[in-house]
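Structure assessment
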Amino acid sequence: MFQEMLSGKRSPISPHKMLHLVWTQARVLAGYDQQDAHEFFITYLDLLHQHLIKQALASHGVGNGVSHHNPVLCSCAIHQIFTGSLQSDVICHKCNNISATVEPFWDISLDLIPRDSTDKVSDSASVCSSISVDSEPSDEEPPVSLEDCLDRFTRPERLGSEAKIKCGVCGIAQEGTKQLSLKQIPVVVCIHVKRFRHAKRTRKLGNPLEFPFELDLSPYLTSSINKAAKVPEVVGSYRLFAVVNHIGTTDSGHYLNYVLHAGEQWFKCDDTYLTKVSRETVQNSEAYMLFYHKKVIEYS
């Protein structure tokens, strides 16, 4: 596919082989029903990851005992580019013991909730309902900034009496506080905006999202939140290079995306149509997925 993209041909590229690969390996995405771009992206990354791992195992004559999902043991291109790690700290209210767990991630899913809102939302991010609400912004849907979403994602969350955790020091279930932070950030970070709310009725959130073209993730790093060390801003500096939009409602919609070419000109990709657009057009779009790349890449 990349060879075709760089071939210089002016005709549209139809990635039918890639689509067929996904359909044969992920039956849930097969067919012509409406599917979720975020789910497709994660599935496609996983398929590429598994393919690269199998190639590496075959070339080195290694058995299948190696974990295909352990980023510590994996050095494939997918993990080198897209994999970060998320740390979850749970603090016991009785003895202040901190229990930390670290898990890999390929994307960061953020709730689309205005600042100071106490609304509860579902963790589900898939699009699967016949109930829909028009997604046009209204007076009840105020704008939300990406930084507010990240602040909410990483702020401490008090675990009530119904969600007690077993403390390793106390030896019994205790109330606690949970906080998420970014332990390690990838070269390319995908931010998924949860525009589909699943509760008694499913609807799409049409709140405008205010997102920057230059993003600093250093305040959300584990070392910054725990104040273990001062993190240089350059470490967490990212530049926006692609935005995926969902146009429509939960049961009838269309995806299009904006991509940055040569670091200067933005283009809108809408099926076979490619159009030059301004930064303002990108900024005012209804973002569903945002892709940022590191401005400075460290080499080990």
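Every value quoted in this text rests on a predicted model; they were computed, and no experiment measured them. (Residues numbered from 1 in each chain as written. Predicted model: local features only at pLDDT ≥ 70, side-chain atom pairs only at ≥ 80, totals over all residues. Heavy atoms only, no water.)

Our focus in this paragraph is the overall build of the chain. Across its full length, the chain holds seven helices and 18 strands. For the chain, the residues scored as buried account for 37% of the 300 residues in total. For the chain, the proportion of contacts with a sequence separation of at least 24, taken over those separated by at least 6, is 66%. Approximately 17,900 Å² of the chain is accessible, and the part contributed by carbon and sulfur atoms is 52%. (Helix = DSSP H or I, 4+ residues; strand = E, 2+ residues; numbered from the N terminus. Buried < 20%, exposed > 50% of the residue type's maximum accessible area, 1.4 Å probe, protein only. Contact = heavy atoms within 4.5 Å. Areas by Shrake-Rupley, 256 points an atom, 1.4 Å probe, with all protein chains shown as cover.)

It is worth spelling out the environment of S109 at this point. Its location among the elements puts S109 in strand β3 (residues 108-111). In the structure, S109 is positioned 81 residues away from C190 in sequence and 8.6 Å away in space, judged by C-alpha atoms. Among all residues touching S109, those that are not within four sequence positions of it are H38, F153, H192 and K194. Within the structure, S109 has its side chain in polar contact with the side chain of D107 (distance 3.2 Å). At 2.9 Å, the side chain of S109 and the side chain of H192 are in polar contact. (Polar contact = N/O pair within 3.5 Å; in protein donor to acceptor, adjacent residues only side chain to side chain.)

Moving on: the confidence of the model for the chain. Looking at the chain as a whole, the pLDDT averages 80, with 81% of positions reaching at least 70. Here helix α1 (residues 2-5) stands out as the element of the chain with the lowest mean pLDDT, 70, in contrast to strand β18 (residues 287-294), whose mean of 96 is the highest. In this model, residues 63-67 is a region of pLDDT below 50 whose contacts with residues beyond four sequence positions or in other chains number five contacts. Low pLDDT (under 50) marks residues 118-139, which in the prediction has 49 contacts with non-local residues, meaning those over four places away or in another chain. (pLDDT = per-residue confidence, 0-100.)

Quick look at the sheet that holds strand β1 (residues 84-92) now. Sheets are built from strands paired through backbone hydrogen bonds, the pairs being either parallel or antiparallel. Strand order in the open sheet formed by four strands is β2-β1-β8-β5, with antiparallel pairing between adjacent strands. Strands at the two margins of the open sheet, each flanked by one partner only, are β2 (98-105) and β5 (157-159). The sheet shows a mean angle of 30° between the axes of neighbouring strands, taken without regard to direction. Pairing geometry for β1 and β2, over eight bridges, is antiparallel. Across the sheet, the residue bridging to D89 is A100, located in β2. (Pairing = 2+ DSSP bridges. Axes fitted to C-alpha atoms, helices over the stretch in contact; angles between N-to-C directions.)

Moving on: the packing of aromatic side chains. Summed over the entire model, instances satisfying the criterion amount to eight aromatic pairs. Judged by centre distance (5.9 Å) and plane angle (65°), the ring pair of F213 and W266 falls under edge-to-face. Taken as a pair, F213 in the loop between β12 (209-210) and β13 (214-216) and W266 in strand β16 (residues 265-270) lie far apart in primary sequence, 53 residues in all. Residue classification places F213 among the buried positions, given a relative accessible area of 11%. The buried category is assigned to W266, whose relative accessible area is 3%. (Phe/Tyr/Trp six-rings, centres within 6.5 Å; stacked < 30°, edge-to-face > 60°.)

Before going further, it helps to spend a moment on the pattern of salt bridges. The full count for this structure, using the stated rule, is five salt bridges. Between D111 and K194 there is a salt bridge whose closest N-O contact spans 3.5 Å. One end of the pair, D111, is in strand β3; the other, K194, is in strand β9 (residues 188-194), with 83 residues separating them in the sequence. For K295, the salt bridge identified is with E214, shortest N-O distance 3.1 Å. Of this pair, K295 sits in the segment after β18 while E214 sits in strand β13; the two residues are 81 residues apart in sequence, bridging distant segments of the chain. When its relative accessible area of 41% is taken as the criterion, K295 is described as partly exposed. Judged by its relative accessible area of 41%, E214 falls in the partly exposed class. (Salt bridge = Lys/Arg side-chain N within 4 Å of Asp/Glu carboxyl O.)

With that settled, consider the side chain of T154. Mapping T154 onto the fold places it in helix α5 (residues 146-154). By relative accessible area, which is 7% here, T154 ends up buried. A distance of 2.9 Å separates the side chain of T154 from the backbone oxygen of L150, its partner in a polar contact. Look past the residues within four positions of T154 in its chain and what remains in contact with it is Q179, L180, S181, Y220 and I225.

In this structure, N96 takes a positive phi of about 65° despite not being glycine. You can see N96 is positioned in the loop between β1 and β2. The backbone phi angle of A262 is positive, close to 55°, even though this residue is not glycine. Mapped onto the fold, A262 is located in the loop between β15 (253-261) and β16.

So, on to the nonpolar core. Counting residues in hydrophobic clusters, the biggest one holds 32 residues, and the most contacted among them are L146, L209, F211, L217, L290 and Y292. Put simply, the parts of the chain that give this core at least two residues each are β3, α5, β9, β14 (237-248), β15 and β18. If we skip the residues at most four places from it in the chain, L146 touches L110, I191, L209, E210, F211, P212, L215, L290 and Y292. In terms of nonpolar packing, the next biggest core, distinct from the first, is built from 18 residues, A37, I53, W106 and V244 among them. (Core = buried A, V, L, I, M, F, W, Y, C linked by side-chain atoms within 4.5 Å.)

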